[in-house]
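Chain and residue survey
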Amino acid sequence: GQSLEEYASHRASFVLEALTSRMPSKVHLKSDNNFSDIDISQVKIGDLIAVFPHEICAIDGEIIQGYGTMDESYLTGEPYRISKTIGSKVLSGAINGDSLIIVKTEKLPKDSRYHKIMEIMLNAKEKKPSHEAKLLCHLAQSPVTTLEARNELFIMSVAHVVFELKQRATTS
């Protein structure tokens, strides 16, 4: 039980760190025919943001210019690129394909889908089981559950290796 809890907490920390480092801190604001880089915290609803090829989209919004594909696998888990055209919705965290798109911001960055995912991960990391739940688990242990606990680390290690191999196979 305890090693599973520690593994889950470590995994949540790792995922949260990866999510945080993945998100761009600056965006390309379009005004007239010029682009200027601004901090993501300065983005307002209605701003036009340029997402260049292979960049991570930092905002939730709607494409108003351009077309192409976006990789939204961070959210869906599906290894497919999604076709996007004018009027298509884009999600923060999606990776743009091979073409420039202009996105009209529909949500503030703090209200974006990506930010909400990060909040859920942070809450999951900080949430600890109650003392009563730990006591019940301890009292419920029998020789069989003790044997299972000994094998738990091995099972979790195998599961982690399989998960990592699957992740690498889908990104290749």
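Higher on the page you've got the structure.
Here we summarise the structure given alongside this text. (Residues numbered from 1 in each chain as written. Predicted model: local features only at pLDDT ≥ 70, side-chain atom pairs only at ≥ 80, totals over all residues. Heavy atoms only, no water.)

A few words now on the sheet that holds strand E8 (residues 95–96). Spatial ordering of the open sheet is given by E6-E5-E8, a layout of 3 strands whose pairing is antiparallel. At either end of the open sheet lies a strand with only one pairing partner, and these are strand E6 (81–84) and E8. Pairing geometry for strand E5 (residues 68–71) and E8, over 2 bridges, is antiparallel. From the neighbouring strand, methionine 70 faces E8, where its bridge partner is asparagine 96. (Pairing = 2+ DSSP bridges. Helix = DSSP H or I, 4+ residues; strand = E, 2+ residues; numbered from the N terminus.)

This part takes up the nonpolar core. Within the largest apolar cluster, 19 residues are counted, with the highest numbers of intra-cluster contacts made by Val27, Val43, Val90, Ile101 and Val103. Elements represented by at least two residues in this core include exactly strand E1 (26–31), strand E3 (48–51), strand E9 (101–105) and helix H3 (113–126). Not counting residues up to four positions away in its chain, the partners in contact with valine 27 are Ser36, Asp37, Ile38, Ile40, Val43, Ile49 and Ala58. (Core = buried A, V, L, I, M, F, W, Y, C linked by side-chain atoms within 4.5 Å. Buried < 20%, exposed > 50% of the residue type's maximum accessible area, 1.4 Å probe, protein only. Contact = heavy atoms within 4.5 Å.)

Another aspect to go through is unusual backbone geometry. If a residue is not glycine, its phi is most likely negative; likewise, a peptide bond is most likely trans. The backbone of aspartate 32 shows a phi angle near 55°, a positive value even though the residue is not glycine. On the secondary structure map, aspartate 32 appears in the loop between E1 and strand E2 (34–39). A residue is classified by how much of its surface remains accessible, and aspartate 32, at 70% relative accessible area, is exposed. Here histidine 54, not a glycine, exhibits a phi torsion of approximately 70°, which is positive.

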